[in-house]
Amino acid sequence: MPTIAAVATAFHPDERLTAVVEAALKSCERVVVVDNTPGDGPFLTDTLRDRDGVTVLRDGGNRGLAGALNSGVDTLLAGNGGQAGTSDNGGQAGTGDTDSAQPDLFLFLDQDSVLGEDMVLALAQHLTTDATVGIAAPAAWDEQQGRYYEPGTENGPDLADRDTVITSGMLVRREVLTKVGPFRTEFFVDHVDNDFCLRVRAAGYRILRDKRQKLAHSLGQRNQHKLPGVASVSSSRHPTWRLYWIARNGTVLMREHRKDAPVWTRNTAAYLVWWFALRTAIEAPRGARALAMARGFRDGARGRVDRRYLPPGAVL
């Protein structure tokens, strides 16, 4: 049986994080919680420090989703007794002491994704029986609307090869992390999962989604909007600074993967056009939100980063 360890990321977490950790410990030998909440605390994650098998990392800064994931991976790759330094996009995801001290499989979780033991073991089965699978993932499920997050999943096969899956719930081989490299800190938060998955696919691994394994995943605040000629449109509300990164990082990935992932690139282009139209037409402040996305498209095409769109307390 392969050894499994988990990395759970957190940002201003509530009591659901404790349930996430407790559930993960049923199938994982170790759980590393990386708390990106800025400030001095005290914080909820402090209550997890004394639990067996749990390591909490928090330095008072918000290093983004990618930075948090890399810190957790580094710690696990350093072995049971050590903690490696922070990775960046140019290096390996860690320098382990011995292979025996490192987990075979890495489970990634966010602060509200409670995975059952059976789900984790079912995903692990795909990785242990097929060496071509680099990532096994559940299907994200919107409990409020009673549907799969990704359109087409309901009528699709139980097992499907995907270009990308969301970070939370994905189970990854250790060799994939060391071969593909760390999560892309330049992206901060948005499209971090897409970038990693596209690099995994480009390295020759399959990404397998098992829709029988449903991951209850929060889509954030959702609002209903009435549009001319349309009954209503449901959309999740993102802060204006996030729109910059969604546009910027999506543009970077389309530029980089237009040849090796043409279908994903076309779908993402259509998605971003729809997002731009929706966010600037119905969500205030329209001017600021349109400007954020326009700057994101521009900087993505030019390979630049505008640090004005980092949230307070962020470190990049």
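Residues numbered from 1 in each chain as written. Predicted model: local features only at pLDDT ≥ 70, side-chain atom pairs only at ≥ 80, totals over all residues. Heavy atoms only, no water.

### Notes on the packing of helix 5 (residues 192–202) against helix 6 (residues 240–257)
Two elements in contact, helix 5 and helix 6, have axes separated by 10 Å at closest approach and are oriented at 15 degrees. It follows that helix 5 is roughly parallel to helix 6 by the angle criterion. When you trace helix 5 past helix 6, the crossing you get is left-handed. Contacts from N194, D195, L198 and R199 in helix 5 reach L253, E256 and H257 in helix 6. (Axes fitted to C-alpha atoms, helices over the stretch in contact; angles between N-to-C directions. Helix = DSSP H or I, 4+ residues; strand = E, 2+ residues; numbered from the N terminus. Parallel < 35°, antiparallel > 145°, perpendicular 65-115°, else oblique. Left-handed = near helix turned anticlockwise from the far one by under 90°. Contact = heavy atoms within 4.5 Å.)

### Quick word on unusual backbone geometry
A positive phi angle is found at H12, which is not glycine, with a value near 50 degrees. With respect to the helices and strands, the residue H12 is situated in the loop between strand 1 (4–10) and helix 1 (16–24). Phi angles above zero are rare outside glycine, and H191 is one such case at about 70 degrees. For H191, the position within the fold is in the loop between helix 4 (174–180) and helix 5.

### Describing the side chain of T75
Structurally, T75 can be placed in helix 2 (residues 64–77). Judged by relative accessible area, T75 falls into the buried class, the value being 1%. A distance of 2.9 Å separates the side chain of T75 from the backbone oxygen of S71, its partner in a polar contact. (Buried < 20%, exposed > 50% of the residue type's maximum accessible area, 1.4 Å probe, protein only. Polar contact = N/O pair within 3.5 Å; in protein donor to acceptor, adjacent residues only side chain to side chain.)

### Some words on the environment of L77
Within the secondary structure, L77 sits in helix 2. Since its relative accessible area comes to 2%, L77 is described here as buried. Sequence spacing of L77 and Q102 is 25 residues, and the spatial spacing of their C-alpha atoms is 5.4 Å.

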